[in-house]
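# Observations on the three-dimensional arrangement
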Amino acid sequence: MTTYIVRRCLMAIPLLFIITIISFAMMQMAPGDPTALMMDPMIKKENLEAFKEANGLNDNVAVQYVRWLGNMVQGDFGQSLIRQGVPVSELVLARLPNTLLLMLVSTIIAFLISIPLGVISATKRNSLTDYSITFVSFLGIATPNFWIGLVLIMFASVHMGWFPVGGVSTHGEAFNLWDRIHHLILPAFVLATADMAGLTRYSRSSMLDVLRQDYIRTAKANGFKSSTVIFKHGLRNGLIPIITIFGLMLPSFIGGSVIIESIFAWPGIGLLFVEAAFQRDYPVIMAVIVIAATLVVIGNLLADILYAIFDPRIEY
């Protein structure tokens, strides 16, 4: 197991390396001069050139990339162009826990809702319940989650007052666990809807394949309870393809967090990315892209490990 994990991590290095090249190249091709945001608009041209020279901004692009990559490997993403003197790593680390918490809770919500619905839909195939779950699933696939978020804010927050409109906690109040949970429920649920509908369909399809197997029919013939057959013998095998889907869901969770965090003013790296994009804070943008790519690689590694845990036939 340890050898496999090390091998997968080594295989991920070239991928991350390519991502750094692409992100750095995109920032170089972006319009405008980011140094203009750092300096007084009335600064003399010679002083601006002196600033660029002192910070290595006049160097060859390849030299700038190698310098940035070397610093990044050591955990130094440079300094923010807008928040002068503030390290990018400090900004990202302050926001990253909020995004990880939002992703974790939304993943749990998606699985807790989708898998039972998929199992129920499979066991009641071609019934009214099956058709209803299928209709809701297709409706969820067709509906963008940012629209769902805006509707829920309008209904559950503005009109009914059940949940806060946004933020991670009530401003000015001391830390309170229920207050944090209260702020977390709505954005986590909306983020979960991005993959909840598709996950329900995958769960249904996987369980239908499992329920057709001979060992399921044998278990039923031996007098086992239907619930025992489904949840003890069928569900574990039915979850194996779902674990693969989990690895594919992570990019959508990270990408979705950019939109959801913006809607709910959730102070995570998604909102930080949007703020940096509008302000052309390129060091922050590149740091968020690299960290998001790293999270996707780690998530896929976890999916592979879970795959082996649920399927003992797989050996590393």
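Coordinates for the structure precede this section.
Predicted model only: the values in this text are computed from it and were never measured. (Residues numbered from 1 in each chain as written. Predicted model: local features only at pLDDT ≥ 70, side-chain atom pairs only at ≥ 80, totals over all residues. Heavy atoms only, no water.)

Quick look at the overall build of the protein chain now. Broken down by element type, the protein chain carries 11 helices and 0 strands. Walking the protein chain from its N terminus toward its C terminus, one meets helices and strands in the order α-α-α-α-α-α-α-α-α-α-α. Taken over 316 residues, the protein chain has a buried fraction of 40%. Across the protein chain, the fraction of contacts at a sequence separation of at least 24, relative to all contacts at a separation of at least 6, is 72%. Of the roughly 17500 Å² that the protein chain leaves accessible, carbon and sulfur atoms contribute 68%. (Helix = DSSP H or I, 4+ residues; strand = E, 2+ residues; numbered from the N terminus. Buried < 20%, exposed > 50% of the residue type's maximum accessible area, 1.4 Å probe, protein only. Contact = heavy atoms within 4.5 Å. Areas by Shrake-Rupley, 256 points an atom, 1.4 Å probe, with all protein chains shown as cover.)

What follows deals with the nonpolar core. Counting residues in hydrophobic clusters, the biggest one holds 61 residues, and the most contacted among them are Trp68, Val92, Met207 and Val284. Counting residues per element, this core draws most heavily on helix 7 (residues 177-211), at 12 residues. Apart from residues no more than four positions distant in its own chain, Val284 is found in contact with Ser80, Val88, Leu91, Leu272 and Ala276. (Core = buried A, V, L, I, M, F, W, Y, C linked by side-chain atoms within 4.5 Å.)

Where helix 4 (residues 88-123) meets helix 5 (residues 128-142), the closest approach of the two axes is 8 Å, and the angle between their N-to-C directions is 140 degrees. By the angle between their axes, helix 4 is oblique relative to helix 5. Considering only the axes of helix 4 and helix 5, their crossing is left-handed. Side by side, helix 4 and helix 5 meet where Leu117, Ile120 and Ser121 of the first sit next to Thr129, Asp130, Ile133 and Thr134 of the second. For the contact of helix 4 with helix 5, a count of residues per class yields 3 nonpolar, 3 polar and 1 charged. (Axes fitted to C-alpha atoms, helices over the stretch in contact; angles between N-to-C directions. Parallel < 35°, antiparallel > 145°, perpendicular 65-115°, else oblique. Left-handed = near helix turned anticlockwise from the far one by under 90°. Nonpolar A, V, L, I, M, F, W, Y, C, P; charged D, E, K, R; others polar.)

Enumeration according to the criterion identifies 5 aromatic pairs in this entry. Ring centres 5.7 Å apart and planes at 90 degrees place the aromatic pair Phe155 and Trp162 in the edge-to-face group. Given the relative accessible area of 46%, Trp162 is considered partly exposed. Joined through ring pairs, the aromatic side chains of Phe17, Phe24, Tyr65 and Trp68 make up one cluster. (Phe/Tyr/Trp six-rings, centres within 6.5 Å; stacked < 30°, edge-to-face > 60°.)

Okay, the layout of surface pockets next. A volume near 350 Å³ is recorded for the second largest pocket. In terms of lining, the second largest pocket is formed by 17 residues, of which the most central are Val136, Gly140, Ile148, Thr193 and Met196. Secondary structure elements with two or more residues in the lining of the second largest pocket: helix 4, helix 5, helix 6 (145-159) and helix 7. Residues belonging to the lining of the second largest pocket are distributed by class as follows: 12 nonpolar, 5 polar and no charged. (1 Å grid on protein atoms, 1.4 Å probe; cavity = no way out; pocket = protein on both sides within 12 Å on 5 of 7 lines; lining within 4 Å. Points joined across faces, edges and corners; volume = space filled by probe spheres on them.)

This next bit is on a nonpolar patch on the surface. Residues Leu104, Ile108, Leu112, Ile113, Leu117, Ile120 and Phe189 make up a contiguous nonpolar surface patch of about 580 Å² in total accessible area. Broken down by element, the nonpolar patch gets its largest block of residues, 6 residues, from helix 4. (Patch = residues over 30% accessible without salt bridge, like charges linked within 9 Å, V, L, I, M, F, W, Y side chains within 5 Å. Salt bridge = Lys/Arg side-chain N within 4 Å of Asp/Glu carboxyl O.)

Right, let's get into the packing of helix 4 against helix 7. The interhelical angle for the contact between helix 4 and helix 7, taken along N-to-C directions, is 35 degrees, at an axis separation of 6 Å. Helix-helix and strand crossings are classified by hand; for helix 4 and helix 7 the assignment is right-handed. Split into classes, the residues belonging to the contact of helix 4 with helix 7 amount to 22 nonpolar, 7 polar and 1 charged.

Here we take up unusual backbone geometry. Its identity as a non-glycine residue notwithstanding, Asn126 has a phi of 65 degrees, on the positive side. For Asn126, the position within the fold is in the loop between helix 4 and helix 5.

Before going further, it helps to examine helix 4. The periodicity of an α-helix, 3.6 residues per turn, causes residues three or four positions apart to be oriented the same way. Taking 1.5 Å per residue, 36 residues should reach 52 Å; helix 4 reaches 51 Å between its end C-alpha atoms and fits that length. A bend of about 30 degrees at Arg95 is the largest found in helix 4, and the proline Pro97 appears one to four places after it. (Expected span 1.5 Å × (residues − 1). Bend = angle between axes of the 7 residues up to and from the residue.)

Another aspect to go through is the environment of Leu16. Following the sequence through the fold, Leu16 ends up in helix 1 (residues 2-29). A residue is classified by how much of its surface remains accessible, and Leu16, at 23% relative accessible area, is partly exposed. For the pair Leu16 and Val290, spaced 274 residues apart in sequence, the C-alpha to C-alpha distance is 7.4 Å. Residues contacting Leu16, with those up to four places away along its chain left out, are Ala293, Thr294 and Val297.

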